[in-house]
Each structure stands twice: as C-alpha cells, then as structure tokens.
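Here is how the chains run, residue by residue.
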Amino acid sequence: MRKRWWISGILTVVLTAGFGAGNAGNGNQQLNRVEQDAITHVCAAELPDEETEIVPFRGRESYILSEWELETEGKLEQAAMVKQYISTMTLREKVCQMIIADPENLVTTHDVTKVDVEMKQALADYPVGGIMLKSRNIESKKQLKKLIKNLQKQSEIALFLAVDEEGGNVSRVLSNLGNREGGTIDPMYEYKDDGTDTAFENARELGSNLAYYGFNLDFAPVADVWSNPKNTVIGKRAYSDDYEQAAELIPYAVEGFHAGGVMCTLKHFPGHGDTVEDSHYGTAYVRGTLQELETQEFVPFRAGIRAGTDCVMIGHLVVPDISDQPADLSETLVTDCLRNELAFHGLIITDSFQMEAITDHYEPGEAAVLAIRAGVDLILEPEELGETVEGILTALDKGELTEKRIDESVERILMAKQVNGIQIDHKIEKQ
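Residues numbered from 1 in each chain as written. Predicted model: local features only at pLDDT ≥ 70, side-chain atom pairs only at ≥ 80, totals over all residues. Heavy atoms only, no water.

**Quick word on the overall build of the protein**
Helices and strands together make up the secondary structure of the protein, namely 18 helices and 10 strands. The buried share of the protein, taken over its 431 residues, is 56%. Sequence-distant contacts, at least 24 apart, represent 78% of the contacts inside the protein between residues at least 6 apart. As displayed, the protein offers around 18700 Å² of accessible surface, 46% of which is attributable to carbon and sulfur atoms. (Helix = DSSP H or I, 4+ residues; strand = E, 2+ residues; numbered from the N terminus. Buried < 20%, exposed > 50% of the residue type's maximum accessible area, 1.4 Å probe, protein only. Contact = heavy atoms within 4.5 Å. Areas by Shrake-Rupley, 256 points an atom, 1.4 Å probe, with all protein chains shown as cover.)

**Things to note about the side chain of Thr 265**
Position of Thr 265 among the secondary structure elements: in strand S5 (residues 265–269). A polar contact is formed between the side chain of Thr 265 and the backbone oxygen of Asp 218, at a distance of 3.0 Å. Leave out the neighbours within four places in its chain, and Thr 265 touches Leu 217, Asp 218, Phe 219, Ala 220, Pro 221, Thr 309, Cys 311, Val 312, Met 313 and Ile 349. (Polar contact = N/O pair within 3.5 Å; in protein donor to acceptor, adjacent residues only side chain to side chain.)

**Comments concerning the nonpolar core**
Among the nonpolar cores identified, the biggest contains 114 residues, and Leu 151, Phe 160, Val 173, Phe 215 and Leu 414 are the most heavily contacted of them. For this core, the element with the highest residue contribution is helix H15 (residues 364–374), accounting for seven residues. Aside from chain neighbours lying at most four places away, what touches Leu 414 is Val 82, Tyr 85, Ile 86, Met 89, Gln 97, Ile 157 and Ile 424. (Core = buried A, V, L, I, M, F, W, Y, C linked by side-chain atoms within 4.5 Å.)

**Points about the sheet that holds strand S1 (residues 99–101)**
Strand pairing in a sheet takes place through backbone hydrogen bonds and is either antiparallel or parallel in direction. Spatial strand order, S4-S3-S2-S1-S10-S9-S7-S5: eight strands in an open sheet with parallel pairing. What marks the edges here is a single partner per strand, and that holds for strand S4 (217–218) and S5. Across three bridges, S5 lies against strand S7 (residues 311–314) in parallel orientation. Directly across from Leu 266, in S7, lies its bridge partner Val 312. (Pairing = 2+ DSSP bridges.)

**Focus on the pattern of salt bridges**
Side-chain pairs of opposite charge can arise whenever the charged atoms involved come near each other. Taken as a whole, this structure holds 16 salt bridges when the rule is applied. Residues Lys 134 and Glu 381 are paired through a salt bridge, measuring 2.7 Å at the closest nitrogen-oxygen approach. You can see Lys 134 sitting in the loop between strand S2 (130–132) and helix H7 (141–154) and its partner Glu 381 sitting in the loop between strand S10 (378–380) and helix H16 (385–398), a full 247 residues away along the chain. Judged by its relative accessible area of 21%, Lys 134 falls in the partly exposed class. In this structure Glu 381 comes out as buried when scored by relative accessible area, which is 3%. (Salt bridge = Lys/Arg side-chain N within 4 Å of Asp/Glu carboxyl O.)

**Details of the packing of aromatic side chains**
Under the defined criterion, the tally for this structure stands at four aromatic pairs. Between Tyr 189 and Trp 226, the ring centres sit 5.1 Å apart and the planes meet at 75°, which makes this aromatic pair edge-to-face. Of this pair, Tyr 189 sits in the loop between helix H8 (174–177) and helix H9 (196–213) while Trp 226 sits in the loop between S4 and helix H10 (243–260), and the two are 37 residues apart along the sequence. What links up through ring pairs into an aromatic cluster is the set Phe 269, Phe 298 and Phe 301. (Phe/Tyr/Trp six-rings, centres within 6.5 Å; stacked < 30°, edge-to-face > 60°.)

**A word on the pairing of strand S3 (residues 160–163)**
Of the two faces of S3, the one carrying Phe 160 and Ala 162 and the one carrying Leu 161 and Val 163 are both buried. As defined by bridge partners, S2 adjoins S3 across three bridges and the pair is classed as parallel. In the strand pairing of S3, Gly 130 is matched with Phe 160. Note: S3 against S4, two bridges, orientation parallel.

**Focus: the side chain of Thr 275**
With respect to the element layout, Thr 275 can be found in the loop between S5 and strand S6 (284–285). A distance of 2.8 Å separates a polar atom in the side chain of Thr 275 from a polar atom in the side chain of His 272. Beyond its immediate sequence surroundings of up to four residues, Thr 275 is in contact with Asn 228, Asn 231, Val 233, Tyr 285, Val 286 and Leu 317.

**Overview of unusual backbone geometry**
Ala 220 connects to Pro 221 through a cis peptide bond whose omega is 15°. By the secondary structure assignment, Pro 221 is in the loop between S4 and H10. With an omega of 5°, the peptide bond running from Phe 269 to Pro 270 counts as cis. Along the chain, Pro 270 falls in the loop between S5 and S6. Positive phi values are uncommon outside glycine, yet Ala 343 reaches one of about 55°. Here Ala 343 shows up in the loop between helix H13 (331–341) and strand S9 (347–352).

**A look at the packing of H9 against H10**
At their nearest, the axes of H9 and H10 sit 7 Å apart, and the two run at 30° to each other. It follows from the interaxial angle that H9 and H10 lie roughly parallel. Crossing handedness for the pair H9 and H10: right-handed. For the pair formed by H9 and H10, the contact residues are Thr 196, Ala 199, Phe 200, Ala 203, Arg 204, Leu 206, Gly 207, Ser 208 and Ala 211 on the first element and Glu 248, Leu 249, Tyr 252, Ala 253, Glu 255, Gly 256, Phe 257, Ala 259 and Gly 260 on the second. When the residues that make up the contact of H9 with H10 are grouped by side-chain class, the tally is 10 nonpolar, five polar and three charged. (Axes fitted to C-alpha atoms, helices over the stretch in contact; angles between N-to-C directions. Parallel < 35°, antiparallel > 145°, perpendicular 65-115°, else oblique. Left-handed = near helix turned anticlockwise from the far one by under 90°. Nonpolar A, V, L, I, M, F, W, Y, C, P; charged D, E, K, R; others polar.)

**A short note on a negative patch on the surface**
Negative charge collects at one region of the surface, where Glu 363, Glu 366, Glu 383, Glu 384 and Glu 387 lie side by side. Summarising the element assignment, Glu 363 is placed in the loop between helix H14 (356–359) and H15. Residue class for Glu 363 comes out exposed when judged on its relative accessible area of 53%. (Patch = residues over 30% accessible without salt bridge, like charges linked within 9 Å, V, L, I, M, F, W, Y side chains within 5 Å. Lys, Arg positive; Asp, Glu negative; His and termini not counted. Charge placed at Lys NZ, Arg CZ, Asp CG, Glu CD.)

**Section: the environment of Ser 409**
Considering the arrangement of structural elements, one finds Ser 409 in helix H17 (residues 403–419). Taking the C-alpha atoms as reference points, Ser 409 and Lys 94, separated by 315 residues in sequence, lie 9.0 Å from one another. Once residues within four sequence positions are removed from consideration, Ser 409 is found in contact with Met 98, Val 376 and Asp 377. Within the structure, Ser 409 has its side chain in polar contact with the side chain of Asp 377 (distance 2.7 Å).

**Examining the confidence of the model for the protein**
Mean pLDDT for the protein: 85, with 81% of residues reaching 70 or above. Confidence drops under a pLDDT of 50 for residues 1–35, and excluding neighbours within four residues, the segment shows 63 contacts in the predicted structure. Throughout residues 427–431 the model reports pLDDT below 50, and contacts reaching past four residues in sequence, or to other chains, amount to six contacts. (pLDDT = per-residue confidence, 0-100.)

Written as structure tokens, this is what we have:
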C-alpha cells in the first residue's frame with residue numbers, strides 16, 4: 001500500500017527551499033501551467049512505502065531529500081527555467097517549435113541524407129521543434145549517426161529526432177540497417193500471448209537501436225486494438241485484438257522504450273483498430289459511441305498514460321457520435337477526452353498532416369490552426385511548412401489564436417525536452 005498524504009509537505013519544501021533563485025523573495029508568485037503539469041507528473045510517480053520514515057523539515061541545511069524529492073525539485077527548477085527561456089523567444093520561434101517536420105519539408109529539392117548548406121539555412125529560417133526521419137534519409141549506420149548528430153548540432157533549439165519504428169512492417173531503422181542486438185522483431189501482434197516481459201523486451205530492443213543512432217523519440221507503441229478483422233491499416237501492428245490484453249501489454253512497452261533510451265508515443269487515439277477505412281487515403285470513421293469508446297478503445301490508452309507515456313498521437317479519425325471533424329481537430333476529443341478525462345499531461349501530437357484525410361479537406365494553415373485550437377501541442381509533417389507557419393501567425397494576428405495558447409504548448413514541449421535530457425538551447429549552457 002502507498003500513501004500520498006505527505007506530498008503537500010514535500011512540495012512546500014521544494015517550493016520554499018529549492019525552487020530556484022528566480023523565485024527568491026517572491027513567495028506569493030503563482031505556479032504557471034507547466035509547473036503545475038510538472039507537479040502532476042511527479043506526484044503520479046511511485047512513492048515510498050508507507051513504512052518509510054519521513055524526516056520533518058528543519059531547514060534547508062538539515063533536510064535530506066530522497067531521490068523522489070530531488071527529482072521533484074529538479075523538475076520544478078526546470079519548469080522555472082523553461083518559462084524564463086520562453087520569454088526570450090520570438091512568436092515565430094514559438095510557432096516553429098510546435099512542428100515536427102520531415103527533412104523534405106525543410107529542403108524540397110532533394111532527399112536529405114546529410115546536413116548541407118540548404119539544410120543549415122532551412123533550420124535557421126524554420127527552427128522546428130523536431131524532425132522525423134524516414135527510410136529515404138537512411139543509407140548506412142555511419143551516415144545516419146552523422147546526420148542526426150549534425151541536425152542536432154545545427155539547431156539552436158534542441159530537436160526531437162523521431163522515427164516510426166514499431167517492429168514488423170513499420171520499420172525505418174531496423175529494416176534498413178538491421179538489428180544491432182541480432183535477430184528480427186516481428187509485428188507486435190505475433191507476441192500477444194507471450195506476456196508482459198516480451199512486450200517490455202521488444203520495446204527495449206527497439207529503443208536501444210534508436211538511441212544508438214541519436215534518436216530520442218519513437219512513434220510507438222500502437223495502442224489501437226485490432227478488433228475489426230476488416231481493418232487493414234492497423235492489423236498486426238496492434239498488440240492484441242482484445243482490449244484488456246492490450247491494456248496489460250502496453251504499459252510494459254512504454255517502460256521498455258524508456259529503458260531503451262527513447263521517449264515513446266501511444267497511437268492512434270481515439271483508436272484506429274475498429275475502422276474499415278485507411279486515413280492515409282481518406283476519411284476514416286470510428287462508429288462507436290463515446291460510452292463504448294470509454295470502455296473499449298480508451299482502455300489501452302488509459303493504461304499507457306498511467307505508465308508514463310511521453311506523447312499521444314491523435315489520428316485523423318472521425319467519431320460521428322462526437323464530432324464531424326477528424327479527432328486531431330476536435331476540441332472534444334483532444335481536450336475534453338484526452339487531456340481532461342484521461343488526465344494526460346504530456347505532449348499531444350497529430351498524425352501526419354500529409355495524409356489525405358487532411359489534405360483532401362483542409363489547407364495547411366487551416367488544419368494547423370484548428371488542431372492548435374483543439375488543444376494539440378505538435379503538428380506532424382505539415383504538407384507545406386511555410387504555409388503552415390504563416391497560417392498560424394496570421395491566425396494569431398487576427399485573434400483566432402492567442403499567444404497564451406501557443407505558450408502553453410511550447411512550455412510542454414520544452415519541458416519534455418529538458419526532463420528527458422535534451423538540452424533545449426546551447427545558449428543556456430553559456431549563461
């Protein structure tokens with residue numbers, strides 16, 4: 001049995017004794033949103049056994065912080081630093097941080113396999129929050145390591161370096177360069193009856209391969225449940241065709257990716273496993289009611305969120321019972337369901353905005369603005385990077401979006417980078 005009755009006392013210690021020099025003499029200052037998110041995140045962590053003796057606070061010098069308390073204090077200090085850093089950013093820099101682009105969003109004349117003059121200039125013009133690599137960007141082990149290193153080096157604000165690496169057919173790195181640990185990793189469905197240890201080990205192995213090359217974010221695991229045999233877009237990418245079994249396995253996959261050294265992403269909320277259509281090529285419909293989704297499709301997502309997933313990807317899925325818009329453009333699904341009902345405090349990212357479920361119906365800037373208004377933090381692979389950035393800036397100028405709303409997401413983005421060891425800006429090291 002665990003007890004949480006002592007949290008408020010510890011947070012008082014952290015806030016009064018260790019919050020950082022920036023708050024000295026300002027004890028009445030309220031916490032901003034990202035600091036509250038940091039508190040929520042760390043308070044969800046496993047706490048000491050109730051038998052553990054809690055030393056009362058007797059002043060900074062005599063108080064010995066436990067590992068959990070030190071982690072809490074560190075995150076609050078990082079939150080304060082992130083807020084301070086955001087105050088130095090331009091609005092355009094903030095908007096660009098909300099985009100994970102593929103290299104060909106930035107350099108449109110050729111496939112990118114190295115950081116050349118064009119890429120250097122593109123990163124200066126569009127300081128995006130992250131870059132997603134694909135098979136066309138991968139030639140060899142040495143080339144991939146150098147590409148990732150130079151992308152990170154060239155970006156003033158540190159990047160999420162992301163990839164789709166699920167195992168099985170959805171593989172970019174292992175399918176091109178092989179598994180450094182030997183053997184192959186099949187689609188996750190093939191392991192559904194092999195237990196939680198296998199779910200953990202597969203994810204750890206995938207994560208370890210990615211971390212070796214310098215990736216820090218994987219768009220996996222798939223939390224969809226293959227409940228509709230006619231579904232071809234998910235199929236054996238799912239961990240199971242049973243909601244409860246998927247919910248048992250997904251948390252171990254989350255832990256496995258973290259053990260391997262990368263952040264991870266549950267996808268594709270609110271659940272793509274019961275659809276017939278493929279959102280890559282048009283509108284896909286989730287025909288369940290909200291009540292049915294809560295007791296079925298949401299179950300493995302809820303389990304993965306409790307396990308500490310870093311990101312949740314929203315699919316371009318229309319739920320007629322809730323909204324006639326794709327889920328990643330729906331405030332009801334993004335904010336009401338995922339952020340509030342499922343209590344997810346991490347990063348919410350769209351599926352690729354190059355998919356026809358979006359491009360057939362929305363202009364690049366329009367889709368991005370709707371997603372941000374819905375509560376999304378990150379836009380993945382906009383069809384046109386320039387149009388997307390300008391569309392968001394125009395919406396800000398017209399009052400359709402507020403800078404406060406942008407700041408909320410940028411704080412989450414930069415905080416996620418900081419707590420995962422991705423130094424957000426080289427300038428900070430020089431201060």
